[in-house]
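Each chain, letter by letter, is given below.
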Amino acid sequence: MIASLVWGVLVTLLTVALHIAGLVHVGQLVSLLMPPPRFARSALHRALFLSVAVLLMILLHLVGAGIWALIYCAVGEFDAFSTALYFSVVTATSLGYGDITLSESWRLLAIFEAMAGLLLFGASTAAVFQLMVKTLPDPFAP
């Protein structure tokens with residue numbers, strides 16, 4: 001149980017740090033490449049830009065899930081990375097099908113991943129909202 005707690009804390013710190021750093025870079029990239037709303041750009045252009053940003057955020061979530069999957073394989077919970085990745089994504093999204101579970105000695109890892117997943121999806125949602133505020137014209141401006 002102690003090993004599960006230690007691994008859970010360490011992997012959570014790693015994935016949160018990587019995700020937040022990735023969100024900062026996505027935001028900087030969009031700010032750099034997207035002109036401010038006062039310059040004429042089509043709604044389609046802005047939508048495509050935001051869609052690419054969201055896609056990059058989804059990739060950040062997949063990288064985090066991949067890190068958890070590697071840990072699950074390293075501690076011997078899964079032989080196949082694809083199974084570990086499936087379990088990881090289901091856990092991080094709190095979908096929790098329950099068709100695959102961890103052994104009793106490592107199941108605390110899934111709790112850490114689920115908690116981190118909830119926080120990171122919230123952070124991504126906040127980042128998308130902030131990007132929308134930066135890139136879309138203010139509908140209430142005179």
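That block above? That's the structure.
Residues numbered from 1 in each chain as written. Predicted model: local features only at pLDDT ≥ 70, side-chain atom pairs only at ≥ 80, totals over all residues. Heavy atoms only, no water.

Draft legend 1. Expanded view of the layout of surface pockets. Roughly 260 Å³ of volume is contained in the largest pocket. In this structure, the largest pocket is lined by 19 residues; those nearest its centre are L60, H61, L62, G64 and A65. For the lining of the largest pocket, the secondary-structure elements that each account for two or more residues are helix 1 (2-33), helix 2 (43-74), helix 3 (81-92) and helix 4 (108-135). The class makeup of the residues in the lining of the largest pocket is 12 nonpolar, 6 polar and 1 charged. (1 Å grid on protein atoms, 1.4 Å probe; cavity = no way out; pocket = protein on both sides within 12 Å on 5 of 7 lines; lining within 4 Å. Points joined across faces, edges and corners; volume = space filled by probe spheres on them. Helix = DSSP H or I, 4+ residues; strand = E, 2+ residues; numbered from the N terminus. Nonpolar A, V, L, I, M, F, W, Y, C, P; charged D, E, K, R; others polar.)

Draft legend 2. Region of interest: helix 1. Here helix 1 contains 32 residues, and its C-alpha end-to-end distance of 46 Å stays within 8% of the 46 Å for a straight helix at 1.5 Å per residue. Regarding helix 1, the residues found buried are S4, G8, V11, T12, T15, H19, G22, L23, V26, G27 and V30. (Expected span 1.5 Å × (residues − 1). Buried < 20%, exposed > 50% of the residue type's maximum accessible area, 1.4 Å probe, protein only.)

Draft legend 3. Main features of the nonpolar core. Ranked by size, the top nonpolar core spans 15 residues in total, and within it W68, Y72, F78, F87, L102 and L109 carry the most contacts. If you tally residues by element for this core, the top one is helix 2, at 5 residues. Apart from residues lying up to four places away in sequence, Y72 is in contact with E77, F78, A84, F87, S88, L102, L109, A110 and E113. Counting 11 residues, the second-largest nonpolar core is a separate cluster that includes M34, L50, A53 and M57. (Core = buried A, V, L, I, M, F, W, Y, C linked by side-chain atoms within 4.5 Å. Contact = heavy atoms within 4.5 Å.)

Draft legend 4. Seen up close, the pattern of salt bridges. In the structure shown here, the tally under the stated rule is 1 salt bridge. A salt bridge links R107 to E104; the shortest N-O distance between them is 3.9 Å. For E104, a relative accessible area of 65% gives the class exposed. (Salt bridge = Lys/Arg side-chain N within 4 Å of Asp/Glu carboxyl O.)

Draft legend 5. Just the side chain of S4, in detail. Examined against the element boundaries, S4 turns out to sit in helix 1. Of note is the side chain of S4, whose polar atom sits 3.4 Å from the backbone nitrogen of L109. The contacts of S4, once residues within four sequence positions are left out, are S105, W106, L108, L109 and F112. (Polar contact = N/O pair within 3.5 Å; in protein donor to acceptor, adjacent residues only side chain to side chain.)

Draft legend 6. Just the packing of aromatic side chains, in detail. Following the criterion strictly, the structure yields 4 aromatic pairs and no others. A centroid spacing of 6.2 Å and a plane angle of 35° characterise the contact between W68 and Y72, whose relative ring orientation is tilted. Taken together, the positions of W68 and Y72, both in helix 2 and 4 residues apart, correspond to about one turn of that helix. Of the two residues, W68 and Y72, both sit in the buried class. Measuring from centroid to centroid gives 5.5 Å for F78 and F87, while their planes differ by 45°, and the two rings are tilted. (Phe/Tyr/Trp six-rings, centres within 6.5 Å; stacked < 30°, edge-to-face > 60°.)

Draft legend 7. Here's a closer look at unusual backbone geometry. At S94, a residue that is not glycine, the phi angle is positive and equals roughly 60°. Structurally, S94 can be placed in the loop between helix 3 and helix 4. For S94, a relative accessible area of 41% puts it in the partly exposed group.

Draft legend 8. Region of interest: helix 4. Over its 28 residues, helix 4 runs 41 Å from end to end, which matches the ideal 40 Å to within 8%, given 1.5 Å per residue. Residues L109, A110, F112, E113, A114, A116, G117, L120, S124, A127, L131 and T135 constitute the buried set of helix 4. Residues of helix 4 that are buried make contact with helix 1, helix 2 and helix 3.

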